[in-house]
Amino acid sequence: MRSAPAGVRDAAALVEAFGYWPSFHDAEVHRIELHRGRTGRAPSATLVLHVFDHDGAVDEKGYWQRRVSVVAVLSFDDIKDLRLAGFGKQNVIDALAIDPQAADRHAVTISPSY
């Protein structure tokens, strides 16, 4: 099972819901809020996603039966570089990776599903 990336505050809430740190595969981005920051403060962003997992079983209509389904709110502070492309009507992602870069810095990559 996957553990939460080091240095991610409140990661335990998602680990508790899923039993592990989710891959965010097939999660859907519902909202992105960009905050320019106040005087002397760096920009920040808030990402709202519907994250779920299934146990491999399907219902009578052929849909995955969800084992866990949550709306997660991820906040990113002190943003140094942000690139946003392809945001549209439905924003299903393949994965969300959080990679430590330095003691208090992370690189976050959201891979599109299509």
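Preceding this paragraph is the structure being described.
Residues numbered from 1 in each chain as written. Predicted model: local features only at pLDDT ≥ 70, side-chain atom pairs only at ≥ 80, totals over all residues. Heavy atoms only, no water.

Asker: For this particular structure, what's the right way to read the overall build of the protein chain?
Answerer: Scanning the protein chain from N- to C-terminus turns up one helix and five strands. N-terminal to C-terminal, the α/β element order of the protein chain is α-β-β-β-β-β. Within the span of the protein chain, comprising 114 residues, buried residues form 25% of the whole. Taking as baseline every contact in the protein chain between residues at least 6 positions apart, the subset at least 24 positions apart corresponds to 43%. Accessible surface for the protein chain amounts to roughly 8200 Å². Of this, 49% is attributable to carbon and sulfur atoms. With 13 positive and 15 negative side-chain charges, the protein chain shows a spacing of 8 Å between the two charge centroids. (Helix = DSSP H or I, 4+ residues; strand = E, 2+ residues; numbered from the N terminus. Buried < 20%, exposed > 50% of the residue type's maximum accessible area, 1.4 Å probe, protein only. Contact = heavy atoms within 4.5 Å. Areas by Shrake-Rupley, 256 points an atom, 1.4 Å probe, with all protein chains shown as cover. Lys, Arg positive; Asp, Glu negative; His and termini not counted. Charge placed at Lys NZ, Arg CZ, Asp CG, Glu CD.)

Asker: Looking at this model, I keep getting lost on the environment of Glu16. Mind explaining?
Answerer: Take Glu16: it is sitting in helix α1 (residues 12-18). Distance from Glu16 to Asp26, taken between C-alpha atoms, is 20 Å for residues 10 residues apart in sequence.

Asker: So what exactly am I meant to see when it comes to the side chain of His50 here?
Answerer: Note on placement: His50 falls in strand β2 (residues 44-58). Since its relative accessible area comes to 13%, His50 is described here as buried. One polar contact links His50 to Ser69, side chain to side chain, over a distance of 2.7 Å. In this view, His50 contacts Ala27, Glu28, His30, Arg66, Ser69, Val70 and Val71; residues no more than four positions away in its chain are not counted. (Polar contact = N/O pair within 3.5 Å; in protein donor to acceptor, adjacent residues only side chain to side chain.)

Asker: It is not clear to me how the packing of aromatic side chains should be interpreted in this structure. Could you clarify?
Answerer: How two aromatic rings sit relative to each other is set out by the distance from centre to centre and by the angle between their planes. Summed over the entire model, instances satisfying the criterion amount to two aromatic pairs. Ring geometry for Phe18 against Tyr20: centres 6.1 Å apart, planes inclined by 55°, an arrangement best described as tilted. You can call Tyr20 buried: its relative accessible area is 10%. Relative to Phe24, the ring of Trp21 lies with its centre 5.7 Å away and its plane at 70°, an arrangement referred to as edge-to-face. Of the residues examined, Trp21 reaches a relative accessible area of 6% and is grouped as buried. On the accessibility criterion, Phe24 (1% relative accessible area) is buried. Directly above the ring of Phe52 sits Arg66, whose terminal nitrogen or CZ lies 4.4 Å from the centroid. (Phe/Tyr/Trp six-rings, centres within 6.5 Å; stacked < 30°, edge-to-face > 60°. Lys NZ or Arg CZ within 6 Å of the ring centre and 35° of its normal.)

Asker: Even after reading the chapter, I still don't get the environment of Ile110, so can you show me in this structure?
Answerer: Tracing the backbone shows Ile110 in strand β5 (residues 105-112). Apart from residues no more than four positions distant in its own chain, Ile110 is found in contact with Leu47, Ile93, Ala95 and Leu96.

Asker: How do you make sense of the sheet that holds β2 when you look at a structure like this?
Answerer: Pairing between the strands of a sheet comes from backbone hydrogen bonds, and it takes one of two forms, parallel or antiparallel. Pairing in this open sheet of three strands is antiparallel, and the strands run β1-β2-β3 from one edge to the other. In the strand order of this sheet, the two ends are held by β1 (28-35) and β3 (64-76), each with one partner. Each adjacent strand pair in this sheet contributes to an overall mean axis angle of 15°, direction not counted. Pairing geometry for β2 and β3, over 11 bridges, is antiparallel. Within the sheet, the bridge partner assigned to Val48 lies in β3 and is Val73. (Pairing = 2+ DSSP bridges. Axes fitted to C-alpha atoms, helices over the stretch in contact; angles between N-to-C directions.)

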